[in-house]
Amino acid sequence: MRYEDFVAGQTEAWERFASRLDQLEKAPSAISHEALEELSVDYRKVLHDQAVAASRFDGTWAVAHLRRLSVRANRLLQPQETSKLASPLRFFSRTFPQNFQAIGGEIAVCLALFAVSTVFGAALSALDTEVGTAFVGQNSVDGLGRGEIWTDSLNESPATGSAQIAVNNMRVAITAWGGGALAGFGAFYVLFLNGFLLGAVMILTSHFDMDGALLQFISAHGPLELSIIVIAAAAGVHVGRELVSPGNRPLSARLPKAARRSAVVMLGCLPWLLVLGFVEGFISPSPGIAHGTKVALGLVLLSLFLCSALLPTLGARPRG
Amino acid sequence: MSDRSVYGLDNVRIELPIAGAGSRALAATIDYSIWSLLVLVLISAASAGAVLFSDALPETGWLVALLALSLFALDFSFFFGQEALLQGQTLGKRLLGLRVVSHRGGRASLFAYVLRSLVRTFDLLFGAWFLIFDGRSRRIGDHLAGTIVVHEPKESSSGNAVRRAPAGWGAERIAVVETLFERYETLPPDRTEALSHRILVEAERAQPGFSDSSGSTWTLRLLRSFGTPEEPKVME
């Protein structure tokens, strides 16, 4: 077959195919079922022509043109993967609990690591108060000496504090999750840092007999906030585990599934951090709210979260 | 199958035009410039609001709170939103003709765009290494989302195809003529003339009487000889 005959014989079909692809891209819903079937037949023909052209006329315009058409058709004619984010109700009632329960092992490991790092931070701070000072700053330590705790400053502008805390917590959760992509090290780092900080600061405040004030401050938001940080880190570790553990399927197939599952868990936690930002800005530092009420609120929030996460899920567990 | 190709229908291999680190970095630079501008607009609007409505607002803290939440929302929705709306493109990618597709070359899912956005901070720190050393130029976000970034195929006119060729000419020689068809308008005229003359001499040698001698320049004779269906854009 001569090249010029090949081009002359097929150009019209290729142009028709290209214009149908244009239609499909501009208004996918306007394409009729028959037109779509014709398009798929034409696609098969274009792929066949491409294979012929590549083997006989390599380097020519026809090969480059058919390659462009094939790449474009491959994108437009493949079914788009569905997204479970479409319905918030389905997400929080089914997708989130299913995926949360699937990473239970990682959550247990992260909880243990968090506890160990808290004890470690507390022990080091007990040996040397400078450890705690390094986290909260000298001004805050001076304040503790005067019987003032730094969290009181939140009462000056609760709205600003609330938003900044919510944003900061969401960033920490995202960092803890994303850090999992670095073979889990990023997630472990966030977990260790937060546990260590908690332990060190608790001991530092106890040096000044202010540990009660700190506990009173964190009792409303702390239980859930710390749990969510642990869970976000566990979601990151889930990704890291997939990176380092051998599997029957290629990593390029396993990793996106693990990332998707863990991201669902992390994204399911983010709205709670908005609520916690409000609690931490308006309720936790408020001297007008009794300690008992704050403790009760903390327990209620944690229980609500755990109920939503451990909701008995109908249907199958997540695949993959 | 090479790292840069996928299988289409009937197992026909499709070579994907993977975007390299350079074009992706340039697209990201454009996007971050726009993002910085939007951040500046948000902060300016909040500052102006605080000054203009200082009497009406009970406390400027609410405005700061709104600004903090807006900046956070912008940070995480800027890239995701664009990629979701523009089917895998941001403004920077659109300007450079790039597009995010699934690892099979199909349309990426909404969740894939979310995943890519969530690890963007890590990619700013470590992504360049992944881009450079990965066979498919994927950053961390691409690995997690199962996506790749490709060059958007640009359509090329069928006017660049050879319609007549001397007897015995193979694909390699035809490709040379087609390359000249594609580029003659951007090459210096004397260079085009020299190349056209050389090709026509070769064509005459292969098939005497093949050349069309009606044009006043070698380039025009070349275009007419090899049968471009479009009116040549060179001056007589």
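Computed from a predicted model, the values in this text were never measured in an experiment.

Examining the overall build of chain B
So, point 1. Of regular secondary structure, chain B possesses nine helices and four strands.
So, point 2. The order of helices and strands in chain B, counted from the N terminus, is β-β-α-α-α-β-α-α-α-β-α-α-α.
So, point 3. For 236 residues, the compact-globule estimate of 2.2 N^0.38 gives 18 Å, and the C-alpha radius of gyration of chain B, at 27 Å, exceeds that figure by more than 25%.
So, point 4. With respect to the three principal axes, the spread of C-alpha positions in chain B is 90 × 45 × 30 Å.
So, point 5. Relative to its full complement of 236 residues, chain B shows a buried share of 36%.
So, point 6. In chain B, once contacts between residues fewer than 6 apart in sequence are set aside, the share between residues at least 24 apart is 57%.

Quick word on the overall build of chain A
So, point 1. The secondary structure content of chain A amounts to 13 helices and zero strands.
So, point 2. What you see in chain A, going N to C, is helices and strands ordered as α-α-α-α-α-α-α-α-α-α-α-α-α.
So, point 3. Rg of the C-alpha trace for chain A: 29 Å, well past the compact-globule value of 20 Å for 320 residues, more than 25% over.
So, point 4. Dimensions of chain A, computed from the C-alpha atoms along their principal axes, are close to 95 × 40 × 35 Å.
So, point 5. Counting contacts in chain A only where the partners sit at least 6 residues apart, residues at least 24 apart contribute 80% of the total.

Re the environment of Gln 82 of chain B
All names here are of chain B.
So, point 1. Turning to its location among the elements, Gln 82 is positioned in helix α2 (residues 61–85).
So, point 2. Given 20 C-beta atoms within 10 Å, Gln 82 falls into the buried group.
So, point 3. For Gln 82 and Leu 16, which are 66 residues apart along the polypeptide, the C-alpha to C-alpha distance reads 23 Å.
So, point 4. Leaving out residues up to four positions away in the same chain, Gln 82 has contacts with Thr 90 and Leu 91.

Brief notes about the pairing of strand β3 (residues 98–102) of chain B
Consecutive side chains along a regular strand alternate between the two faces of the sheet.
Residue and element names in this part refer to chain B.
So, point 1. Counting buried positions along β3 yields five of five residues, so the element is predominantly enclosed.
So, point 2. With five bridges connecting them, β3 and strand β4 (residues 147–151) associate as antiparallel partners. Along β4, the bridge assignment pairs Val 100 with Val 149.

Topic: the interface of chain A and chain B
So, point 1. In this assembly, 52 residues from chain A lie in contact with 53 residues from chain B.
So, point 2. Elements that contribute at least two residues to the side of chain A that touches chain B include exactly α1 (3–26), α2 (33–56), α3 (61–77), α8 (158–178) and α12 (251–283) of chain A.
So, point 3. Here the side of chain A that touches chain B takes eleven residues from α3 of chain A, the largest share from any one element.

Points about helix α9 (residues 218–225) of chain B
An α-helix turns once every 3.6 residues. As a result, residues three or four positions apart point the same way.
Residues and elements named next belong to chain B.
So, point 1. Here α9 lies mainly inside the structure; seven of its eight residues are buried.
So, point 2. Looking at the buried residues of α9, the elements they touch are α8 (189–206).
So, point 3. The first or second residue beyond α9 is Gly 227, which carries a positive phi of 75°.

Quick look at the packing of helix α11 (residues 222–244) of chain A against α12 of chain A
Residues and elements named next belong to chain A.
So, point 1. Packing of α11 against α12 leaves a shortest axis separation of 9 Å and a crossing angle of 170°. It follows from the interaxial angle that α11 and α12 lie roughly antiparallel. Here α11 contributes Leu 224, Glu 225, Ile 228, Ile 231, Ala 232, Ala 235, Gly 236, His 238, Val 239, Glu 242 and Leu 243 to the contact with α12, which in turn contributes Arg 254, Leu 255, Ala 258, Ala 259, Arg 261, Ser 262, Val 265, Met 266, Cys 269, Trp 272, Leu 273 and Leu 276.
So, point 2. Taken together, the residues of the contact of α11 with α12 break down into 16 nonpolar, three polar and four charged.

Looking at the packing of α2 of chain A against α3 of chain A
All names here are of chain A.
So, point 1. The contact between α2 and α3 brings their axes to 9 Å, and the two run at 145°. In this structure, α2 crosses over α3, and the sense of that crossing is left-handed. Between α2, through Ser 40, Tyr 43, Val 46, Leu 47, Asp 49, Gln 50, Ala 53 and Ala 54, and α3, the contact on the second element is made entirely by Ala 62, Val 63, Leu 66, Arg 67, Leu 69, Ser 70, Ala 73 and Leu 77.
So, point 2. For the contact of α2 with α3, the residue count by class is eleven nonpolar, three polar and two charged.

Thoughts on the nonpolar core
So, point 1. Residues Ala 173, Ala 232, Ala 233 and Met 266 of chain A together with Leu 115 of chain B are the most contacted members of the largest nonpolar core, which totals 76 residues.
So, point 2. For this core, the leading source of residues is α12 of chain A, giving twelve residues.
So, point 3. For Leu 115 of chain B, the residues in contact, after removing those within four places along its chain, are Ala 259 and Ala 263 of chain A together with Gly 141, Leu 144 and Ala 145 of chain B.
So, point 4. Within the second largest apolar cluster, 35 residues are counted, among which are Leu 66 of chain A together with Trp 169, Ala 203 and Leu 222 of chain B.

Section: the confidence of the model for chain B
So, point 1. Of all residues in chain B, 92% attain a pLDDT of 70 or more, and the chain-wide mean is 86.
So, point 2. The complex prediction reports pTM at 0.84, with the ipTM value standing at 0.83.

What about the environment of Phe 76 of chain B?
So, point 1. Residue placement: Phe 76 of chain B occurs in helix α2.
So, point 2. Taking the C-alpha atoms as reference, Phe 76 of chain B lies 9.7 Å from Val 119 of chain B; in sequence the two are 43 residues apart.

Side note on helix α5 (residues 104–127) of chain A
Residues and elements named next belong to chain A.
So, point 1. Between its first and last C-alpha atoms α5 spans 35 Å; for 24 residues at 1.5 Å apiece the expected length is 34 Å, and the two agree.
So, point 2. Among all positions in α5, only Glu 106, Ile 107, Cys 110, Phe 114, Ser 117, Thr 118, Gly 121, Ala 122 and Ser 125 are buried.
So, point 3. Where α5 is buried, its residues meet α6 (130–136), α9 (185–207) and α11.

Concerning unusual backbone geometry
So, point 1. One non-glycine residue with positive phi stands out, namely Asp 209 of chain A, at about 55°.
So, point 2. Note on placement: Asp 209 of chain A falls in the loop between α9 and α10 (211–218).
So, point 3. Although it is not a glycine, Gln 87 of chain B adopts a positive phi angle of roughly 50°.
So, point 4. Positionally, Gln 87 of chain B belongs in the loop between α2 and α3 (91–96).

So, how was this worked out
Residues numbered from 1 in each chain as written. Chains lettered and ligands numbered in written order. Predicted model: local features only at pLDDT ≥ 70, side-chain atom pairs only at ≥ 80, totals over all residues. Helix = DSSP H or I, 4+ residues; strand = E, 2+ residues; numbered from the N terminus. Rg over C-alpha atoms; globule rule 2.2 N^0.38 Å. Buried ≥ 20, exposed ≤ 12 C-beta atoms within 10 Å, placed from the backbone. Contact = placed C-beta atoms within 7 Å. Pairing = 2+ DSSP bridges. Axes fitted to C-alpha atoms, helices over the stretch in contact; angles between N-to-C directions. Parallel < 35°, antiparallel > 145°, perpendicular 65-115°, else oblique. Nonpolar A, V, L, I, M, F, W, Y, C, P; charged D, E, K, R; others polar. Left-handed = near helix turned anticlockwise from the far one by under 90°. Core = buried A, V, L, I, M, F, W, Y, C linked by C-beta atoms within 7 Å. pLDDT = per-residue confidence, 0-100. Expected span 1.5 Å × (residues − 1).

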